[in-house]
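Descriptive analysis of the structure
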Amino acid sequence: MRKLAVTINNLSCGGTERQVTLIVNSLSDYYDVTLLLLSADKEEKLFFLPEINKNVRVKNCTTIFTVGNMFKYFWHVLFNKYHIAINFNDTGNLVGSVFQRIGNPKSEIYNSIRGNKRLNYRYISIWKYFISGVITNSSEIKDVLQNSYKIKKPVHVINNGIEPVELEKSLKNDTKKKVVLSVGRINPVKNHFDIIYLAKSLEGFEFLLIGDIQDQELLSLMSKLDVNNVRFLGAKKDLMPFYKQADMLVISSISEGFPNVLLEAINYEIPIISTSVGQIPFVLTDGKDGFLYEAGDTEKLIRLASGYFLFDDNEKNEMKREIQKLKSKYDINKVVGDLVEVFEN
């Protein structure tokens, strides 16, 4: 069995970290997998570690000093000589690609770019000379890599994946108030302003916002509009109870790659209204298995949300069947199968 290394800064609470957890568990069916952590020096940075499959080895390369982390990592890859390496996040991409290439010139090395944050691209001028290819989850990012950063190596678009959950037939929100859910760090890029305007319009609904509060302007807008049906719940590891009670998910971001929350909502067969950004319009078909709008167009957002809740049972069931088709399409086993095909071919 070929040896495969997956390098990431740490397993803190985030979308990439959730995907890495799913990916390494599934890849362990094909390869001898080791997960290499570069900066897991605090307990809270090992958020998803308990969910790692027992067949996956975890190597913590952390020392007291950052330079020490690099040496520890280098000696490990030099000794183990992995056949395949896939790296995640800005530091993981830099350290993983350079040291894996030096440690084993014959290794196949892939860096993963997920999301459009500038941070993800900051070392690209260095590591692009050490890789065999790039894995991304967005056609938009592929265009940026090839056109703006002049990546000459293959860029493969591979979707995010989900581990499908089996839902009970009785799984419905039977509370008096309808629940609208939003999941994601609360900052200007996520554009929760749209959701506040929606909450003002749908005053009989309950809005649950999961994520750290970092935007004072958002709180000021709520005060100005006298919105009192929004609850800030902070960051949560276990999102299942919230998905189970949600009647709708809203993604209001100005910019996205391939947000995990999109697939998580599909996994729980929740209707989605999202801005038409990143890979989202390649996943959702407007009016068929979800709804799309342009960020800031709160009139359309309100119209779409209000309209869905006026659907009759037949219309809601038809949309649910279309969401179930998406759920099958993004099964993590299919996604990892695509990864394996890249590695082997």
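Attention here is on the structure that accompanies the text. (Residues numbered from 1 in each chain as written. Predicted model: local features only at pLDDT ≥ 70, side-chain atom pairs only at ≥ 80, totals over all residues. Heavy atoms only, no water.)

**Quick look at the side chain of Asn160**
What counts here: Counting from the N terminus, the helices are DSSP H or I runs at least four residues long and the strands are E runs at least two residues long. Distance and chemistry together define a polar contact, namely a pair of N or O atoms within 3.5 Å, with one atom able to donate a hydrogen and the other to accept it when in protein, and with adjacent residues in sequence counting only for side-chain atoms on both sides. When checking whether two residues touch, look at their non-hydrogen atoms; a contact exists if any pair is within 4.5 Å.
Mapping Asn160 onto the fold places it in the loop between strand E7 (155-157) and strand E8 (179-183). Of note is the side chain of Asn160, whose polar atom sits 2.5 Å from the side chain of Arg114. Filtering out sequence-adjacent residues up to four positions away, Asn160 remains in contact with Gln19, Arg114, Asn137, Phe258, Pro259, Asn260, Leu263, Tyr330 and Val335.

**A short note on the environment of Glu299**
Rules: Each residue's exposure class comes from its accessible area (1.4 Å probe, protein chains only) as a fraction of the maximum for that residue type: buried when under 20%, exposed when over 50%, partly exposed otherwise.
Its location among the elements puts Glu299 in helix H11 (residues 298-308). By relative accessible area, Glu299 is classed as exposed at 63%.

**Some remarks on the sheet that holds strand E5 (residues 108-113)**
Counted only if it meets this: Pairing between strands is defined by DSSP: at least two bridges between them are needed. The axes are straight lines fitted to the C-alpha atoms, using for helices just the contacting stretch, and the angles between their N-to-C directions are given from 0 to 180°.
Overall, parallel pairing links the seven strands, which are arranged E3-E2-E1-E4-E5-E6-E7 in an open sheet. Of all the strands in the sheet, just strand E3 (57-60) and E7 have a single pairing partner and so form its edges. In this sheet, adjacent strand axes meet at a mean angle of 20° when their direction is disregarded. Contacting strand E1 (3-8), strand E2 (32-37), E3 and strand E4 (84-88), helix H2 (residues 66-80) crosses the sheet at an angle of about 165° to E2. On top of the sheet, helix H3 (residues 90-103) reaches E1, E2, E4 and E5; it is set at about 155° to E4, its chief contact.

**Side note on the sheet that holds strand E10 (residues 230-234)**
Overall, parallel pairing links the six strands, which are arranged E10-E9-E8-E11-E12-E13 in an open sheet. Only two strands of the sheet have a single neighbouring strand rather than two, namely E10 and strand E13 (291-293). Looking at each pair of strands side by side, their axes are set apart by 20° on average, direction ignored. Where E8 meets strand E9 (residues 206-210), five bridges bridge the pair, whose relative direction is parallel.

**Some points on the nonpolar core**
Condition: For the purposes of this section, nonpolar cores are sets of buried Ala, Val, Leu, Ile, Met, Phe, Trp, Tyr and Cys residues that join through side-chain atoms within 4.5 Å.
By size, the foremost hydrophobic cluster in this structure holds 58 residues, and its most contacted members are Leu181, Phe207, Tyr243, Leu249 and Leu262. Ignoring any residue separated from it by four or fewer positions in sequence, one finds Leu181 in contact with Leu208, Ile210, Phe242, Tyr243, Ala246, Met248, Leu249 and Val250. Of all hydrophobic cores here, the second largest spans 29 residues; its members include Leu37, Ile52, Val56 and Phe343.

**Let's talk about unusual backbone geometry**
One non-glycine residue, Lys81, adopts positive backbone phi at about 45°. By the secondary structure assignment, Lys81 is in the loop between H2 and E4. The residue Asn191 is not glycine, and still its phi comes out positive at about 55°. Structurally, Asn191 is set in the loop between E8 and helix H6 (193-201). Taking the relative accessible area as the measure of exposure, Asn191 reaches 7% and is therefore buried.

**Comments concerning the pairing of strand E6 (residues 133-136)**
For the record, the criterion: For a crossover, the right-handed case is the one in which the path from the first strand over the helix to the second runs clockwise, viewed with the strands pointing away from the viewer.
Side chains of E6 alternate between two faces, with Gly133 and Ile135 and Val134 and Thr136 buried alike. Judged from the four bridges that link them, E5 and E6 form a sheet pairing that is parallel. Residue pairing in the sheet places Asn111 in a bridge with Val134 of E6. Bridge count between E6 and E7: three bridges; the pairing is parallel. Across the sheet, the residue bridging to Thr136 is Val157, located in E7. With helix H5 (residues 139-147) bridging E6 and the parallel E7, this β-α-β connection has right-handed handedness.

**A word on helix H13 (residues 332-344)**
Condition: To estimate the expected span of a helix, subtract one from its residue number and multiply by 1.5 Å.
Given a rise of 1.5 Å per residue, 13 residues ought to cover 18 Å, and the 18 Å separating the end C-alpha atoms of H13 matches this to within 8%. Sitting at the amino-terminal end of H13 is Asp331, which places a side-chain oxygen 2.9 Å from the backbone nitrogen of Asn333.

**Thoughts on the side chain of His76**
Looking at where His76 falls in the secondary structure, it is placed in helix H2. A polar atom in the side chain of His76 sits 2.7 Å from the side chain of Tyr82. Look past the residues within four positions of His76 in its chain and what remains in contact with it is Thr34, Leu36, Lys59 and Tyr82.

**Notes on the packing of aromatic side chains**
Applied cut-off: Note on ring pairs: Phe, Tyr and Trp rings are taken, using the six-membered ring of Trp, and paired if centres are within 6.5 Å. Classes follow the plane angle, with under 30 degrees stacked, over 60 edge-to-face and the rest tilted.
Taken as a whole and judged by the stated rule, the model has 13 aromatic pairs. With a centroid separation of 6.1 Å and an interplanar angle of 65°, the aromatic rings of Tyr31 and Phe343 are classed as edge-to-face. Pair noted here: Tyr31 is in the loop between helix H1 (15-27) and E2 and Phe343 is in helix H13, with a separation of 312 residues, a long-range link. Per residue, the accessibility class of Tyr31 equals that of Phe343, and both read buried.

**Remarks on the packing of H6 against H11**
We apply this condition: By the definition adopted for this analysis, an angle is roughly parallel if under 35 degrees, roughly antiparallel if over 145, roughly perpendicular if from 65 to 115, and oblique otherwise. Take the far helix as the reference: if the near one is turned anticlockwise from it by less than a right angle, the crossing is left-handed, and if turned clockwise, right-handed. Under the scheme applied, nonpolar residues are Ala, Val, Leu, Ile, Met, Phe, Trp, Tyr, Cys and Pro; charged residues are Asp, Glu, Lys and Arg; polar residues are all the others, including Gly.
Axis separation between H6 and H11 bottoms out at 9 Å; the angle between their running directions is 50°. Taken together, the axis directions place H6 and H11 in an arrangement best described as oblique. Where H6 crosses over H11, the handedness of that crossing is right-handed. The segment H6 lies against H11, with Asp194, Tyr197, Leu198 and Ser201 engaging Thr298, Leu301, Ile302 and Ala305. Partitioning the contact of H6 with H11 into residue classes produces five nonpolar, two polar and one charged.

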